[in-house]
Amino acid sequence: MAIVGWHAGETQRQRGGGERKLVGTCSIGFQTCKRKMSIAGTSDPMGGNRATSDRYQELKSFDESKAGVKGLVDSGIVNIPRIFIRPPDEVEADEAEESLQYTVPVVDLGDLSSRRAETVSAVLEAARDVGFFQVVNHGIPVRFLEEMLAVTRAFHELPRDVKVRYYSREQNGKVKLDSNFDLYESKFANWRDTLFCVMGPDPLDPEELPPVCRDMYGKYSKEVQALGVTLFKLLSEALGLKPDYLADIDCPKGHAILGHYYPACPEPELTLGTSGHWDPDFLTILLQDSIGGLQFRYQNHWIDVPPVPGALVVNIGDLLQGKPMFSLQLISNDLFKSVEHRVLASKVGPRISIACFFTFYDYPTTRGSCCSNRLAGRYEFVGICRHLPLLDKILCFIISMLCIAILPYMYKARAIAVTAMLVKVSICCTVSHRVVVWYYVR
Ligand SMILES: O=C(O)CCC(=O)C(=O)O
Ligand SMILES: [Fe+2]
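Quick notes on the rules
- Residues numbered from 1 in each chain as written.
- Chains lettered and ligands numbered in written order.
- Predicted model: local features only at pLDDT ≥ 70, side-chain atom pairs only at ≥ 80, totals over all residues.
- Heavy atoms only, no water.
- Near = heavy atom within 4 Å.
- Polar contact = N/O pair within 3.5 Å; in protein donor to acceptor, adjacent residues only side chain to side chain.
- Areas by Shrake-Rupley, 256 points an atom, 1.4 Å probe, with all protein chains shown as cover.
- Helix = DSSP H or I, 4+ residues; strand = E, 2+ residues; numbered from the N terminus.
- Pairing = 2+ DSSP bridges.
- Axes fitted to C-alpha atoms, helices over the stretch in contact; angles between N-to-C directions.
- pLDDT = per-residue confidence, 0-100.
- Contact = heavy atoms within 4.5 Å.
- Donors = N, O, S within 2.8 Å, 3.2 Å for Na, K, Ca; no water.
- Buried < 20%, exposed > 50% of the residue type's maximum accessible area, 1.4 Å probe, protein only.
- Salt bridge = Lys/Arg side-chain N within 4 Å of Asp/Glu carboxyl O.
- Lys, Arg positive; Asp, Glu negative; His and termini not counted.

Quick word on the site of ligand 1
If you check the shell around ligand 1, you find 13 residues, and the closest are His 260, Tyr 262, His 277, Arg 351 and Ser 353. With respect to ligand 1, the side chain of Arg 351 contributes an N or O atom lying 2.8 Å from an oxygen atom. Here an oxygen atom of ligand 1 and a side-chain polar atom of Ser 353 are 2.6 Å apart. When the free accessible area of ligand 1 is taken as 290 Å², the share hidden by the protein chains comes to 99%. Taken together, the elements giving at least two residues each to the shell around ligand 1 come down to strand 8 (255-262), strand 14 (341-344) and strand 15 (351-358).

Regarding the sheet that holds strand 12 (residues 301-304)
The 4 strands are arranged 9-14-11-12 in an open sheet whose pairing can be described as antiparallel. Strand pairing shows two members of the sheet lacking a second neighbour, strand 9 (272-277) and strand 12, which therefore form its edges. Across the sheet, the axes of successive neighbouring strands diverge by a mean angle of 30°, strand direction being ignored. Summarising the sheet, strand 9 and strand 14 pair through 3 bridges and their orientation is antiparallel. Note on strand 14: the bridge partner recorded for Thr 274 is Val 343.

Examining the confidence of the model for the chain
The pLDDT averaged across the chain works out to 79; a share of 69% of its residues lies at or above 70. Predicted confidence for residues 363-387 stays below pLDDT 50, and this span has 87 contacts to residues more than four positions away or in other chains. Below a pLDDT of 50 lies the segment residues 430-442, which in the model reaches 86 contacts outside its immediate sequence neighbourhood of four places, other chains included. Two numbers describe this predicted complex: its pTM, 0.77, and its ipTM, 0.99.

A look at the coordination of the iron ion (ligand 2)
The reference angle at a metal is 109.5 degrees if four donors form a tetrahedron and 90 or 180 degrees if six donors form an octahedron. The protein atoms that coordinate the iron ion (ligand 2) are His 277 (NE2), Asp 279 (OD) and His 341 (NE2), at distances of 2.0 to 2.2 Å. Sequence spacing among the residues donating to the iron ion (ligand 2) works out to H-x1-D-x61-H. No difference in accessibility class separates His 277 from Asp 279, as the two residues are buried.

Some points on the pattern of salt bridges
The final tally for this structure, using the stated rule, is 19 salt bridges. With a shortest N-O distance of 2.7 Å, Glu 58 and Arg 82 are connected by a salt bridge. Note that Glu 58 is positioned in helix 2 (residues 50-65) and Arg 82 in the loop between helix 3 (68-74) and helix 4 (88-96), a separation of 24 residues in sequence. Exposure remark for Glu 58: the relative accessible area of 26% places this residue in the partly exposed category. By relative accessible area, which is 44% here, Arg 82 ends up partly exposed.

Concerning the environment of Gly 292
Its place among the elements puts Gly 292 in the loop between strand 10 (283-288) and strand 11 (294-298). A relative accessible area of 10% places Gly 292 in the buried class. Separated by 61 residues in sequence, Gly 292 and Ser 353 have C-alpha atoms that sit 9.6 Å apart. Ignoring anything within four residues of it in the chain, the contact list for Gly 292 reads Pro 307 and Arg 351.

A word on the environment of His 277
Along the polypeptide, His 277 turns up in strand 9. As for His 277 and Ile 394, which are separated by 117 residues in sequence, their C-alpha atoms are 32 Å apart. A distance of 3.0 Å separates the side chain of His 277 from the side chain of Asp 279, its partner in a polar contact.

Points about the side chain of Asp 193
Along the polypeptide, Asp 193 turns up in strand 7 (residues 193-200). Among buried charged residues, Asp 193 stands out as having no salt bridge; its nearest opposite-charge side chain is Lys 163, 5.2 Å away. A distance of 2.8 Å separates the side chain of Asp 193 from the side chain of Ser 179, its partner in a polar contact. Residue contacts for Asp 193: discarding those within four places in its chain leaves Ala 67, Gly 68, Val 69, Lys 70, His 156, Asp 178, Ser 179, Gly 259, His 260 and Tyr 261.

Things to note about unusual backbone geometry
Residue Pro 201 follows Gly 200 across a cis peptide bond; omega there is 15°. Relative to the helices and strands, Pro 201 resides in the loop between strand 7 and helix 8 (211-238). With phi around 55°, Lys 66 is a residue other than glycine that occupies positive phi space. By the element assignment, Lys 66 lies in the loop between helix 2 and helix 3. What makes Lys 66 partly exposed here is its relative accessible area of 35%. In this model, Asn 137 sits at a positive phi of 50°, which is unusual for a non-glycine residue. Owing to a relative accessible area of 51%, Asn 137 belongs among the exposed residues under this scheme.

A few points about the pairing of strand 8
In terms of residue burial, strand 8 counts as a mostly covered element, since 8 of its 8 residues are buried. Of the two faces of strand 8, the one lined by His 255, Ile 257, Gly 259 and Tyr 261 and the one lined by Ala 256, Leu 258, His 260 and Tyr 262 are each fully buried. Note that strand 7 and strand 8 share 7 bridges and pair antiparallel. Paired with Phe 196 across the two strands is Leu 258, which belongs to strand 8. Inspection of the sheet shows strand 8 paired to strand 15 by 8 bridges, in the antiparallel sense.

This is how it looks when you write it as structure tokens:
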């Protein structure tokens, strides 16, 4: 058994293409840190890295415009700024990839009382084999979904001067507009703006929401949370647990609604709407409009998730899988899959999508999961520290340092990996406000 560490938030959203390690302690969050991008570039005679600092300046002026990608498009650009350009090797890898025909599973949630066993096994199959599925007959009226897309679009199409008061990179802001939450960290910026609203577990003061979408976001929060409860019940049963298991450990409580706006892109082949990433939550329920572009990774191929009128897309997050984090993946001990997905940029637009992320969002629970005993799994849950007070951070740091000193003697083969992980954990505990979950990998 070993305690190991994993720092989830930052690497989640980068195009991986490969396997991620299944390791222990993790942190969860959507914060970004402002730091210079390090990219290859020509050194200038002053000893600095010209390309790096130019890029940083470009990122900064884009950010300071507070107008997002929508603002760029409104200014009439015909070429995308270079901060949005994907590295050529990524584009080449995409071009070289052969296509694979695969149909995303569709799970019918209608008439659950008479079709429960059938639905549970469909959910099990989709969550285990693919990690992505669409749900139909979920109970949220199509007209209502259309209205959600319309108010999200209306918000993003407000004049810049009206929207600007919501533009923020504040870590703890509950309602904020940004373009690229990881602007200063990612390899290239994405062609997307996002309205991010933390709707639960603590009720959001409606006054914080922009008036144009206030009413609908409040209503959608309730509808999507009820659907979340239904899905968590089915997922619990799929794990062989009592139906309320995942709801009882508060999986559906904390949730955020992300209203994405992908403007039409003049050079879509050079960038992406959303880079490849894994969702750092329990579960995501996504509403997409009819434009398309969402893809997920399956058997080393990008598979399209075609828009189905009235359907919602569901994907397992890292927390549920029990993969490298306290996720549905961790909870399910790797039975469920959290898979990489992305959104292509398009000449057609704007594309609107609305993601609902189920995760903690400051909820002060100390309850964890674990099916480890039941499923003879890999993880043994230890505890969660969330928004650590300073004293706890210091304690965490000291304990981690002690572990670093002692562990190499105990686990020689893993000494270097474990040490590196613990350094990350200590940094994470001391520097950030992220959630830190401790668990053992058997
Ligand atoms: O816009 C989409 O279709 C996907 C968005 C997404 O993956 C996310 O918000 O995590
Ligand atoms: Fe996602």
